[in-house]
Amino acid sequence: MAKKIILAETAGVCFGVERALRKSFEVMEGSKEEVHSLGPIIHNPQVVKRLEERGVKVAEKLEDTSSGTVIIRAHGVPVGTVGTAKDRGLNVVDLTCPIVKKLQYAVKKLAEEGSFTVIVGDKKHPEIIGARSYGDPEKMIIIENKSEIGEEVFTKKKVGIVAQTTIAFEQFREVVDEFLARSTEEIKIFNTICDDIFNKQREAIELAKSVDVMVVIGGKNSSNTTKIAKLCHEVNPNTYQIETVSEIRSLGLNLNEKTIGVTAGASTPSWIIEEMLQGIQEI
Ligand code: SF4
């Protein structure tokens, strides 16, 4: 049995995900027609399954829906998607997180000002697929680190830098520092990293440093959870990203007399955290 289990104060759902989940259940309860979410509402398979049991079906694209309500998830969607959905006669419930909207507006503003836009993040992530569409594709790069910046970008006179909301602050700062060191005439920096994520990462790193084993709960397809697990792993190699209790049991960990740190990504609801705490106690 574990000696002590310490749960991070910042573990679990952020306000953007909490809002998306609460409103999705409300929509489902008040609807007599079909309800679809455009992509899974959050990157957590257990929660998506629960929503599906309540009747919220996942549509990968608008063309997969023909009537009823479509929910836009917290990650947001590309420009024009809401209009297209309305044109198709769908009732649209837009649950794009306000912090993601801030990123979208920053990209739009930079394009309107004629700045070259640098987005630091994952170009395949839905949030970035949506946000990039607010800018000028001819005057934009999407990079994960400074080594991906082409030399010609440093010759641009006006550059604006924004971040995917869930990346690590250090990842963003590394790119910003590179631009500050390299002679661009005007550099605008929009720190669009989500405070919730920033605080989760900071607390998780400190907790991971102080415990024998660190458990990060959340979907393997969740960008923010995976990032937290990676940061924890850098300071504590005994870090495990876990989705379910059965998964942690199957690892065969020896937790006897160990201190266990636990945190959870922004898309991990409290019932999953509680199940996991119970499961760890029983190992
Ligand atoms: S992690 Fe931050 S940006 Fe993403 S949904 Fe939650 S509150 Fe919004």
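Model, not experiment: these values are computed from the prediction.

Chemist: Pulling in residues and values, what's your account of unusual backbone geometry?
Modeler: The phi dihedral of E257 falls on the positive side, at around 60°, and the residue is not glycine. Examined against the element boundaries, E257 turns out to sit in the loop between helix 9 (245-250) and strand 12 (259-264). Judged by the 10 C-beta atoms lying within 10 Å of it, E257 is exposed.

Chemist: Any details on helix 6 (residues 169-181)? Residues and values, ideally.
Modeler: Here helix 6 contains 13 residues, and its C-alpha end-to-end distance of 18 Å stays within 8% of the 18 Å for a straight helix at 1.5 Å per residue. Taken from the residues just after helix 6, S183 is the one with a positive phi, measuring 45°.

Chemist: Go over the domain arrangement of the chain, please, and point to the residues and values.
Modeler: As assigned here, the chain comprises domain 1 (4-12 + 195-282), domain 2 (15-97) and domain 3 (99-189). The straight-line distance from the C-alpha centre of domain 1 to that of domain 3 is 31 Å. Contacts between the two partners involve seven residues from domain 1 and, on the opposite side, seven residues from domain 3. Mapped by element, the contributors of at least two residues to the side of domain 1 that touches domain 3 are helix 7 (195-210) and helix 8 (223-235). Counting residues per element, the side of domain 1 that touches domain 3 draws most heavily on helix 8, which supplies four residues. Residues belonging to the side of domain 1 that touches domain 3 are distributed by class as follows: three nonpolar, three polar and one charged.

Conventions we followed
- Residues numbered from 1 in each chain as written.
- Predicted model: local features only at pLDDT ≥ 70, side-chain atom pairs only at ≥ 80, totals over all residues.
- Helix = DSSP H or I, 4+ residues; strand = E, 2+ residues; numbered from the N terminus.
- Buried ≥ 20, exposed ≤ 12 C-beta atoms within 10 Å, placed from the backbone.
- Expected span 1.5 Å × (residues − 1).
- Domains from an automatic or database assignment.
- Contact = placed C-beta atoms within 7 Å.
- Nonpolar A, V, L, I, M, F, W, Y, C, P; charged D, E, K, R; others polar.

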